[in-house]
Amino acid sequence: MENALIYCRVSTEEQAREGYSLDAQEKFCGRFAEHSGYKIISTYRDEGKSGTTIDRPALQEMLSRCQEDKSIKAVLVQETDRLARGTGIHLAIKAILKKADIKLISVAQPMLDDSPEGNMIDTIIASVNQFQSDLNSRKTKKGMQEKFESGWWPGLAKLGYLNKEVNGEKITVSDPERWHLIRDALKMYLTGNYSAVEIADILYEKGLVARQGKKICNGIMINILKDPFYAGIMNWNKQERKGNHEPMITPAQHKNIITIMDEHNRHACRRRIHNFLLRGFLYCGICGQKYTAEIHKKKNISYYHCVLNGQKHSNEGQNIEAGSLEKMIKEQFKNIQFSEDFIMLVVSKVKLSYEKKKEQINRNKRGLLNQKLALENKKCLAEEKLISGIFDDESFARQRDKIDTEIGKIQEQLENIENQRNIDVDTMGKVLALARNIYGSYTKAPDPIKRLYLALFWDGFWVKDKTIIKAKPTQLIEDLIREKQVITSPNWLRW
Ligand SMILES: [Zn+2]
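Since the structure is predicted, the reported quantities are computational estimates derived from the model, not experimental observations.

1. A look at the overall build of the protein
Now for step 1: From N to C terminus, the protein includes 15 helices and 16 strands.
Now for step 2: Within the protein, the fraction of its 495 residues that count as buried is 27%.
Now for step 3: The long-range fraction of contacts in the protein, counting pairs at least 24 apart against all pairs at least 6 apart in sequence, stands at 62%.

Here it is, written out as structure tokens:
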């Protein structure tokens, strides 16, 4: 028997979902260990922790143990998204385990082994999981949007205010200790006689500190001073509206602050950041520096260019129009294709995993449906008791409400399972489509997924004289080329 560890994680939102509890995960992994000849020597559990961060106590503890204890041969997780949501973290954790010669076993995803195709499926799933977690954060934003529309600040309270729950609603109230200090600061700045730094000093003397007891730094002080929130105006997610919180100054005073600030730093220029598709993937073919993207406002075109922009070498003829470069990159996907054998391997592995998953989901669903049925029976019984006079109106109503709440909870869990199933099917579909047709999948994908596919295949592209001169594939793709699982055409740009 080989020694193994179990790692389980549940985020705050997932806690309500059936099949996601820490106990369920541990049991699932434990059963696998029994049948596969592993002896579980420890279980590590992170509760209420997001998979997008590596800052999880149990995970940290487990990773350091893995690096020290040579007797450990495997780490078991229910699914890889327990370990990480996000390709970067996922690959980092995998690398740590690999270095310690420890197998990572994803119990519910038997297709993820250490073969090239297993690694490719793994990377795609990790990428799609990351996209999913971006989507989730967008969903959270929806809740925040509603809060904003009701006139309350949707985020963490600004300095001088506190978040408080009143009658079940989270609202923003004035901080009795800091509200007056911040208002004094704004009024001082309005005189035009103080700089932001001086105001931070004065506040510090009066006992106003930032986190960790330090003085508020200049950048933060400036942000406070120019924040319209203090004039009762909320700017959130490119929208503006009046807030319900108690303002410190008037909107006119706020405008004055902005005017004073503009005069203080007349020559500060700012560059706007846009989400360009190829950001982070491009390098200068002349000097090797990164390429950056910019929008030419007057001509209304966007283009990529070397960050040095003519400092080290002439930039003449080097600006490349964003659309034309993105098209060239797209063409690169035409030069690469998976072998028939490889596609068949991927298909069979995805199928196997899908079957396993379906079993698990059906098991969970059956359990929930049974519980629901039992509750409905209980409700019928209560109705009978009411009719036959055993229950009075009031105790019947109490009983019925209790049962209805429980049925509602189960209903919610069933919907969650259905959602998860749709996500899984969607992920599998993406894996298969990509395996079969790389170029087609890339072309059809929305920009965030495009970026994930780019990252799956390439570390970077080098650009010179408005054309791509070389391309560096990722280690994974290099391996697949070596094993003849990826076929490249003669137009394939070598590193
Ligand atoms: Zn350059």
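2. Here we look at the pairing of strand β10 (residues 291-296)
Now for step 1: In this sheet, strand β11 (residues 301-306) lies alongside β10 in antiparallel orientation, the contact comprising 6 bridges. The partner of E294 across the bridge, within β11, is Y303.
Now for step 2: Connecting β10 to the next strand, β11, in antiparallel fashion are 4 residues, including N300 with a positive phi near 55 degrees.

3. A short note on the domain arrangement of the protein
Now for step 1: Domains assigned within the protein are domain 1 (2-108), domain 2 (157-264) and domain 3 (341-424).
Now for step 2: The straight-line distance from the C-alpha centre of domain 1 to that of domain 3 is 28 Å.

4. Remarks on the pairing of strand β3 (residues 72-77)
Now for step 1: In the sheet, strand β1 (residues 2-10) pairs with β3 via 4 bridges, with the strands oriented parallel. Residue L5 lies in a different strand from β3, and its bridge partner there is V75.
Now for step 2: Pairing analysis gives 4 bridges linking β3 to strand β4 (residues 103-106), with the strands arranged parallel. Bridging from a neighbouring strand, A74 pairs with K103 of β4.

5. So, the confidence of the model for the protein
Now for step 1: Taken residue by residue, the protein gives an average pLDDT of 84. The fraction at 70 or more is 93%.
Now for step 2: Between residues 267-273, whose pLDDT stays under 50, and residues either more than four places distant or in other chains, the model counts 0 contacts.

6. Considering the environment of H180
Now for step 1: In this structure, H180 sits in helix α6 (residues 179-190).
Now for step 2: C-alpha of H180 to C-alpha of M248: the two residues are 68 residues apart in sequence and 8.3 Å apart in space.

7. Describing the environment of K99
Now for step 1: You can see K99 is positioned in helix α4 (residues 87-99).
Now for step 2: The exposure class assigned to K99 is exposed, which follows from the 10 C-beta atoms found within 10 Å.
Now for step 3: For the pair K99 and C66, spaced 33 residues apart in sequence, the C-alpha to C-alpha distance is 9.7 Å.

8. Structural notes on the sheet that holds β11
Now for step 1: Taken in spatial order, the 3 strands line up as β10-β11-β12 in an open sheet, and their pairing is antiparallel. Across the chains shown, the open sheet's two edge strands, defined by having one partner strand only, are β10 and β12 (320-321).

9. Some details on the packing of helix α7 (residues 196-205) against helix α8 (residues 218-225)
Now for step 1: In the contact formed by α7 and α8, the axes pass within 9 Å of each other and the chain directions differ by 95 degrees. Relative to α8, α7 is oriented roughly perpendicular. Here α7 contributes A196, V197, I199 and A200 to the contact with α8, which in turn contributes N218, M221, I222 and L225.
Now for step 2: Class assignment of the residues belonging to the contact of α7 with α8 gives a composition of 7 nonpolar, 1 polar and no charged.

10. Examining unusual backbone geometry
Now for step 1: Even without a glycine there, the phi angle at D101 is positive, about 60 degrees.
Now for step 2: When you line up the elements, D101 lands in the loop between α4 and β4.
Now for step 3: One non-glycine residue, K484, lies in positive phi territory at about 60 degrees.
Now for step 4: Position of K484 among the secondary structure elements: in the loop between α15 (475-482) and β16 (486-488).
Now for step 5: C-beta crowding within 10 Å serves as the criterion here: with 10 such atoms nearby, K484 is assigned to the exposed category.

11. Some words on the sheet that holds strand β9 (residues 282-284)
Now for step 1: With mixed pairing, 3 strands are arranged side by side in an open sheet as β9-β14-β15. One side of each edge strand has no neighbouring strand; the edge strands of this open sheet are β9 and β15 (467-473). Pairs of neighbouring strands in the sheet enclose a mean axial angle of 30 degrees, with direction left out of account.
Now for step 2: Two strands pair when backbone bridges link them, and strand β14 (residues 458-464) and β15 are joined in this way by 6 bridges, in the antiparallel orientation.

12. Remarks on helix α2 (residues 57-68)
Now for step 1: An ideal rise of 1.5 Å per residue puts 16 Å on 12 residues; α2 measures up with 17 Å between its terminal C-alpha atoms.
Now for step 2: Those residues of α2 that fall on the buried side of the exposure criterion are L59, M62, L63 and C66. Within α2, the buried residues cover an arc of 100 degrees as seen down the axis, which keeps them to one side. The exposed residues of α2 that point more than 90 degrees off its buried face are P57, S64 and E68.
Now for step 3: Packing partners of the buried residues in α2 comprise β1, β2 (38-47), β3 and α4.

13. What to know about the environment of P154
Now for step 1: With respect to the secondary-structure elements, P154 resides in the loop between α5 (116-149) and β5 (161-166).
Now for step 2: Residue P154 is classed as partly exposed on the basis of its 19 C-beta neighbours within 10 Å.
Now for step 3: For the pair P154 and I171, spaced 17 residues apart in the sequence, the C-alpha separation amounts to 8.8 Å.
Now for step 4: Not counting the four nearest positions on each side in its chain, P154 is found in contact with M144, K147, F148 and W236.

14. Some remarks on α7
Now for step 1: Within α7, burial applies to A196, I199, A200 and L203. Seen along its axis, α7 keeps its buried residues to an arc of 100 degrees; they face one direction.
Now for step 2: Buried residues belonging to α7 abut α6 and α8.
Now for step 3: G207 sits one or two residues past α7 and shows a positive phi near 100 degrees.

Conventions used here
- Residues numbered from 1 in each chain as written.
- Predicted model: local features only at pLDDT ≥ 70, side-chain atom pairs only at ≥ 80, totals over all residues.
- Helix = DSSP H or I, 4+ residues; strand = E, 2+ residues; numbered from the N terminus.
- Buried ≥ 20, exposed ≤ 12 C-beta atoms within 10 Å, placed from the backbone.
- Contact = placed C-beta atoms within 7 Å.
- Pairing = 2+ DSSP bridges.
- Domains from an automatic or database assignment.
- pLDDT = per-residue confidence, 0-100.
- Axes fitted to C-alpha atoms, helices over the stretch in contact; angles between N-to-C directions.
- Parallel < 35°, antiparallel > 145°, perpendicular 65-115°, else oblique.
- Nonpolar A, V, L, I, M, F, W, Y, C, P; charged D, E, K, R; others polar.
- Expected span 1.5 Å × (residues − 1).
- Arc of directions from axis to C-beta.

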